[in-house]
Structure formats: structure tokens, C-alpha cells
There are 4 protein chains.
Amino acid sequence: MEHLTNQSIQTQFEQYLQSASDQDKEILSSILTNLQQKKDTSGSYLSALIKMETKSFANKQLEITIPINPIIHNSLDIVHGGITATLADSTMGTLVHRLLPEHQTAVTTNLSVQYIRPGKGSHLSCTASVTHQGKQLCVTEARVVDDRGKLVATANGTFMVIAKSK
Amino acid sequence: MEHLTNQSIQTQFEQYLQSASDQDKEILSSILTNLQQKKDTSGSYLSALIKMETKSFANKQLEITIPINPIIHNSLDIVHGGITATLADSTMGTLVHRLLPEHQTAVTTNLSVQYIRPGKGSHLSCTASVTHQGKQLCVTEARVVDDRGKLVATANGTFMVIAKSK
Amino acid sequence: MEHLTNQSIQTQFEQYLQSASDQDKEILSSILTNLQQKKDTSGSYLSALIKMETKSFANKQLEITIPINPIIHNSLDIVHGGITATLADSTMGTLVHRLLPEHQTAVTTNLSVQYIRPGKGSHLSCTASVTHQGKQLCVTEARVVDDRGKLVATANGTFMVIAKSK
Amino acid sequence: MEHLTNQSIQTQFEQYLQSASDQDKEILSSILTNLQQKKDTSGSYLSALIKMETKSFANKQLEITIPINPIIHNSLDIVHGGITATLADSTMGTLVHRLLPEHQTAVTTNLSVQYIRPGKGSHLSCTASVTHQGKQLCVTEARVVDDRGKLVATANGTFMVIAKSK
């Protein structure tokens, strides 16, 4: 991969800003804020971009939230169903990962999402719980609600336990 | 929402660049490239960010691809399962949308994904087809393959047909 | 369809009994008991054969049980996964039906089952609850437990509301 | 379990026949025919009762059919969704079992069914194929059609490979 100079990125940045709408600018500002925060944490770029935040972890339950903004809208201006699925998958996967011993992790084998109503408001909150923790498979479920507590989606995830690669 | 000045975004940008790693810079450059391209199209920010491209649409089948890069990796450095789900949901949803008459669109009611192997290589390609097109519900299925044609995931989506809001 | 005489069925019955094992006889006796009880109720032959019994219906929840016996075993001598699915589908479907007004009923559009552990013991009990009751679609979930309260499976069902045909 | 005498079953049988409708008699006759045939095969009582027949097995595909009759109807007089699920689960499970070496078998971990249209006509035919055969998990899919070849349902099954108990 070619090496990028600060100068070339600066040029890209200025070009983008030149013809950017107000919404374009807000989106870019959000992205820069979220990526800046990522530097201090160990998460992925994706979780940084959509600003996933782990709110609580107790009693084999885990909660992750994301703010709703145009970055995650679909073409109908509601939260993209794939982002709701991403939030659910991440919340269930993070929960499973935290319950496993140090040397193990888990990958999703099956994910199903039932969509109830459009994701609207200030943020989405997903709470995952463990249905069954087996030696090979972990079965989990999750509920996604909006900022008024209204149910947006339910999800089920099955995860296969694997050895962590070093 | 407050009005953002070019100056304030410029400051954010410079701050980010100051302590950015090479990978951080590549990611930011990709994001700027993808968002710049969005200005010429009607898609969503999300589809722009992950660079979804519709490759073909014929015989009630539709194909969308995304490049694989660190933006869409999970913490294990393989494609995030939520992005695979997003790609499948978008491909099936776009297909349904194109098959419907002008005044109608559709929203996902059920999405299920079976994950087969890690998403690796240069890109993922998803092909969706219609299992059943009813008046109220459309049932679709999709296959996601990597750049060698290896199966990464299969998916099923059920969509409810609704009137397009103006 | 040809008309069956009591005599021809009696002959079939005697032939079967002649070479029947003890288990064969127990199965046949169970079937006769279950079919006899069906005469007094409005259910289907299938629900009679596997002896589905509605135990409770309150607070938008409904519970149905079935006894475990060799009729519903698979070739591994545990409850056939299809019967667990049948129990879950019936419990969720019956619940939806009871919540709808007189002139409506509902058909399953999506059913997903996560199997946790083998169905063993004296009976299975399934409790269904409503996740969302919409005008067109009802989303439900269910848990199947064994006689010790151990979780055997979880299930999700989506039902489309239709007008009852007369 | 108490030992059943031929005499006690004969009494049950006569009682049932006394007040049986024509349909009751046809059902009982079918059950006796199906159970009689089971004596010559190694299948389960359940597969005998609904008369599952393996039609073909080639190229990692397997087909099983069942006749449609009132035994498998729901209260709306169409094939019970649970029976469609049972047929799909059995077809996918039998396929996986046949592809595994002698000392292994497999149990269903996830089953999802998308229902397209009511099961009507003379019989249902289910064809299963293998999406992915892994060491721990096998992913399969199936299509259920009626006697005119019309699609009734699609299904997905994930199976966990286990050692066969002796």
C-alpha cells in the first residue's frame, strides 16, 4: 500500500469541504470526533465510526448504545437495518467474549433479527443476555430499544467458541 | 444543531492528523474518497462509507460489492459480521425496491445470516435473488462470497411492502 | 376417497397387533387414547396425536405442553427437532390467534428455533409471549423447557394477520 | 410402564370405532398402514406416522416427500407449519448424517423456515443441499414444494457434528 502524506490528505480534505453541504460537514465532524476518541481505546474503526459505547456489564447481561445520526441512516432516513444488526451482533459477541476465559474468543455462526419499528430518536440501546453457554456454542439474545424505551428489534445470535490466536 | 464552520472542522482535522498512525491516515483518506464520491450519487452516507457498489441487476438478481479494508474489520481483524449482514440486507432490500412499482418501497421484517467462513481478501460480493414476491411480503435470499468465490455467508430476508412516503 | 368399512380397519388392526412389539402396542394405545379425546375438542388430528394441551393463557402469554414418548422421538431417541418446532409454532400461533379479533386469524411467515439441549424427561412445556402486535404482522417469541425447567429451545415466530375465511 | 394386553387395546379400538366419523376412520386406517410399514424399516415412529419417504440422494442433495392428509393439517385445514419444519429438519438432518463418517452423527442447533404459501395438493417434497460441511458445524438449506412444483417454504439448518453414542 502506498504511503500517504499529510499533504495529500489535506488536499483531499479541502476538496471535500469546498462543495460540502451543512450535513456533509456535520457528518465529517462526527467522524473526526469519533476517530479521535478511538485512539484512546482498543476498539475497531467500525465501532468508533458508529460510536458504540458499552454502558453496563452485569449478571451475564451487557448493554451497548449508539447515537442515531445521518451516518447510519438508510435511504428512507431511518436507521439502516444492517446497523441494527451490527449493534446486536456486537453486543451479543462482546458479551460472549467477556464470559469466556482469557484464551478463548467466539465467532458468530447464526444471526437473526426481527425488526419491529423504525429506529428513530437520539440513540439506540441494545441489551444482550446469554441463553445458553456451552463448551462449543453459546446462544444469546438481544433487544434493541430507542431513546423512549420502545422496542426496535429483537435478535438471536449463536457463537462458536474458538481458541484465541496470538 | 449548531452550525459548523470550515475553520472548526479544519482544526479537528489537523488535531487528528497530528497523532495519526499510518493506518489511521489510510482510513481517513478512504473515508474522504468515499464521501466525495457520494456527492454525485443518491445513496446513503453508510453505503458511501463502506463503498457499496451495485454491479449488476438482471433476471430478478442483484449484485453489490464492498472492498475489504480496516474500516469494516472487527477486533479479530476479519470483516465484522454486522457488515456482512449490512451488505446482505442492502443487496436484498435494493433488489426488492427495484422490483416494486414506483409508489412502493419495502422495509426488512426478518433477517437471518448463516456465517460460513471469515471474510478476507480484497472484497466481498453479495448476490440476492427473489424467492417469492407477494403483495404484502417479499421473501429473498442472498449469498456472500469473497474474491476467490468462496462462500462467506448465506442470508434470508423478508420485506414488508409499504407505500412510499413523499 | 373410498369408503372404509369397520371390518377392513378391524383386519388392519389385527394384522398390526399380531407382530407388534411391546413398544408398538404402547404407541398404538397412546394414539387411540389421544384420538378418542380429540372427539370432544375442536383441535387438529396432529395436536391430538402429540397430545398438545393448553395450560394457561394470561397477560398475553400462553403455555402448551406435550408428553414425551416414543411417538415424537427421532432416530437418536430424543425429541425430534421438528416436534419442538411444531410445539413452538403452535404455541405462538395459538397465542396470536387468541389476541386477534373474531374475524381475523394469522399464518406463520417466519419461524426460527435455537436448540439448546436434548428434549428428555416426562414432558415439554412451551411458553409464548408477544413481542409486537401490529396490524399486519405479529412478532412472538417462545421458550421450551423440560420437566425440570431446563431450557430445551428458544424460538421466534412472525405471523401475518389475515381475514378468517368462512 | 404397565404391560398392555392385546385385549385392552382391542377394547380401546372398538370404543374409538363406535363413534368415529368417516374422516376419523380414514385417519386411523392411514396410521395403521404407516405403522405397519415401519416394522420393516429402521425409522422413527414419527417419520412413519407422517410417511416420510426418501426419494433420492445424489450430489450432496437429498429429497424426502410426505403425503398431505388430515393427519398433518392445522386448524385452518392446510399443512401445519410445524410439519413443514419437521420435513425440512428431517431432510437436512438425514442429508448431513449420510455425508458424515460412520462414527459421527449431527444434531440441529438452528432451524429457520420462511413460509411462502399454504401446503396443499397431494404431497410435499423437500430437497436439501449442503451449503458448508465443516468439522464442527454443517450448514444446509432446503426448499419445500407442492405437487405442482410451487414453492411452499425455504429453510436453513445448522447442525453440530457429534460422536455417535453406541
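Worth saying up front: this structure is predicted, and the values here are computed from it rather than measured.

Turning next to the interface of chain D and chain C. Each side of the interface is counted separately: chain D has 58 residues, and chain C has 58 residues. For the chain D and chain C pair, buried surface summed over both sides reaches about 5,200 Å², with 62% attributable to carbon and sulfur atoms. Our enumeration of links across chain D and chain C arrives at 0 salt bridges. Inspection of the region where chain D meets chain C yields 20 residue pairs in polar contact (both at pLDDT 80 or more).

UniProt's feature table lists "domain: Thioesterase" (unreviewed entry) at residues 78–152 of chain A, given in the numbering used throughout. Along residues 78–152 of chain A the backbone is 25% helical and 45% strand, and the end-to-end C-alpha distance reaches 11 Å.

Here we take up the packing of helix α1 (residues 6–18) of chain C against helix α2 (residues 22–38) of chain C. Residues and elements named next belong to chain C. With their axes 10 Å apart at the nearest point, α1 and α2 run at an angle of 145° to one another. Taken together, the residues of α2 that come into contact with α1 (itself represented by Phe13, Tyr16 and Leu17) are Asp24, Lys25, Leu28 and Leu32. Tallied by class, residues from the contact of α1 with α2 come to 5 nonpolar, no polar and 2 charged.

The next subject is the environment of Gln136 of chain C. As for its placement among the helices and strands, Gln136 of chain C is situated in the loop between β4 (123–133) and β5 (137–145). A relative accessible area of 31% means that Gln136 of chain C is categorised as partly exposed. For the pair Gln136 of chain C and Ser44 of chain C, spaced 92 residues apart in sequence, the C-alpha separation works out to 25 Å. Not counting chain neighbours up to four residues away, the residues in contact with Gln136 of chain C comprise Gln136 and Met160 of chain B together with Phe159, Met160 and Val161 of chain C.

What follows is about the pattern of salt bridges. A full pass over the atoms with the stated rule returns 16 salt bridges over all chains. Between Glu141 of chain B and Arg143 of chain D there is a salt bridge, and its shortest N-O distance comes to 3.3 Å. In this pair, Glu141 of chain B sits in strand β5 (residues 137–145) while Arg143 of chain D sits in strand β5 (residues 137–145), so the two residues belong to two different chains. Among the residues examined, Glu141 of chain B registers a relative accessible area of 23% and is labelled partly exposed. For Arg143 of chain D, a relative accessible area of 36% puts it in the partly exposed group. Where Arg148 of chain D meets Asp146 of chain D, a salt bridge forms, and the shortest distance between an N and an O atom there is 3.4 Å. Overall, the relative accessible area of 64% leaves Arg148 of chain D in the exposed class. When salt bridges with common partners are traced through the structure, they connect Lys51, Glu53 and Lys55 of chain A into a single cluster.

Glancing now at the relation of the copies chain A and chain C. For the pair of chain copies, the relating operation is a rotation around an axis with a shift along it. For the pair chain A and chain C, the superposition axis carries a translation of 0.0 Å, the fit reaches an RMSD of 0.0 Å, and the rotation angle comes to 180°. Interpreted geometrically, this transformation is the action of a two-fold axis. Of every C-alpha in chain A, the one belonging to Ser112 of chain A sits nearest the axis of rotation, 4.1 Å from it. Most of the interface of chain A is mirrored in chain C: 100% of its interface residues are interface residues there too.

With that out of the way, let us pick up the interface of chain A and chain C. The interface of chain A with chain C comprises 13 residues on the first partner and 13 residues on the second. Roughly 1,000 Å² is buried in total at the junction of chain A and chain C, and carbon and sulfur atoms are behind 56% of that figure. On the chain A side of the interface with chain C, the three residues burying the most area are Ile116, Thr131 and His132 of chain A, jointly 36% of the side's total. On inspection of chain A and its partner chain C, the count reaches 2 salt bridges. Where chain A touches chain C, the interface holds 2 residue pairs in polar contact (both at pLDDT 80 or more). Secondary-structure elements contributing two or more residues to the side of chain A that touches chain C are β3 (104–115), β4 (123–133), β5 (137–145) and β6 (151–163) of chain A. By residue number, the principal contributor to the side of chain A that touches chain C is β6 of chain A, which donates 4 residues. Here the residues of the side of chain A that touches chain C are counted per class, giving 3 nonpolar, 7 polar and 3 charged.

Let us now look at the sheet that holds β5 of chain D. Pairing between the strands of a sheet comes from backbone hydrogen bonds, and it takes one of two forms, parallel or antiparallel. In spatial order, the strands read β1(C)-β2(C)-β4(C)-β5(C)-β6(C)-β3(C)-β3(D)-β6(D)-β5(D)-β4(D)-β2(D)-β1(D); together these 12 strands make up an open sheet with antiparallel pairing. Both edges of this open sheet fall to β1 (53–58) of chain C together with β1 (53–58) of chain D, since each of them pairs with a single strand only. Each strand axis lies, on average, 25° off the axis of its neighbour in the sheet, ignoring direction. Sheet analysis places strand β3 (residues 104–115) of chain C next to strand β3 (residues 104–115) of chain D, joined by 5 bridges and oriented antiparallel. Across the sheet, residue Val113 of chain C finds its bridge partner in β3 of chain D, namely Leu111 of chain D. Each of β1, β2 (61–67), β3, β4, β5 and β6 (151–163) of chain C together with β3 of chain D is contacted by helix α4 (residues 81–99) of chain C, which is oriented at about 45° to β4 of chain C, the strand it contacts most.

A complete count under the given rule lists 2 aromatic pairs over all chains for this structure. Arranged with centres 4.0 Å apart and planes meeting at 10°, the rings of Phe13 of chain C and Phe13 of chain D form a pair that is stacked. Note that Phe13 of chain C is positioned in helix α1 and Phe13 of chain D in helix α1 (residues 6–18), a pairing that runs across two chains. The exposure class assigned to Phe13 of chain D is buried, which follows from its relative accessible area of 0%. Of note, Lys38 of chain D hangs over the ring of Tyr45 of chain D, and the distance from its end group to the ring centre comes to 4.4 Å. Sitting over the face of the ring of Phe57 of chain D, Arg98 of chain D holds its NZ or CZ atom 5.2 Å from the ring centroid.

Reading across the sheet, the 12 strands line up as β1(A)-β2(A)-β4(A)-β5(A)-β6(A)-β3(A)-β3(B)-β6(B)-β5(B)-β4(B)-β2(B)-β1(B) and stay open at both edges, with antiparallel pairing between neighbours. Each edge of the open sheet carries a strand with a single partner, namely β1 (53–58) of chain A together with β1 (53–58) of chain B. Direction aside, neighbouring strands of the sheet carry axes that sit 25° apart on average. Alignment of β4 of chain A against β5 of chain A, held across 8 bridges, turns out to be antiparallel. By the bridge assignment, Gln133 of chain A is partnered in β5 of chain A with Cys138 of chain A. Sitting on the sheet, helix α4 (residues 81–99) of chain A is in contact with β1, β2 (61–67), β3, β4, β5 and β6 of chain A together with β3 (104–115) of chain B, with an inclination near 45° to β4 of chain A.

When pLDDT is averaged along chain A, the result is 92, and 98% of the positions lie at 70 or above. Confidence estimates for the predicted assembly give a pTM of 0.93 and an ipTM of 0.92.

On to the relation of the copies chain D and chain C. At an RMSD of 0.0 Å, chain D and chain C line up after a rotation of 180° and a shift of 0.0 Å along the axis. Most of the interface of chain D is mirrored in chain C: 100% of its interface residues are interface residues there too.

Thresholds, definitions, all that
Residues numbered from 1 in each chain as written. Chains lettered and ligands numbered in written order. Predicted model: local features only at pLDDT ≥ 70, side-chain atom pairs only at ≥ 80, totals over all residues. Heavy atoms only, no water. Contact = heavy atoms within 4.5 Å. Buried area = accessible area lost by both parts, 1.4 Å probe. Salt bridge = Lys/Arg side-chain N within 4 Å of Asp/Glu carboxyl O. Polar contact = N/O pair within 3.5 Å; in protein donor to acceptor, adjacent residues only side chain to side chain. UniProt positions renumbered as here; feature names shortened; annotations may be inferred. Helix = DSSP H or I, 4+ residues; strand = E, 2+ residues; numbered from the N terminus. Axes fitted to C-alpha atoms, helices over the stretch in contact; angles between N-to-C directions. Nonpolar A, V, L, I, M, F, W, Y, C, P; charged D, E, K, R; others polar. Buried < 20%, exposed > 50% of the residue type's maximum accessible area, 1.4 Å probe, protein only. Least-squares fit on C-alpha atoms with pLDDT ≥ 70 in both. Pairing = 2+ DSSP bridges. Phe/Tyr/Trp six-rings, centres within 6.5 Å; stacked < 30°, edge-to-face > 60°. Lys NZ or Arg CZ within 6 Å of the ring centre and 35° of its normal. pLDDT = per-residue confidence, 0-100.

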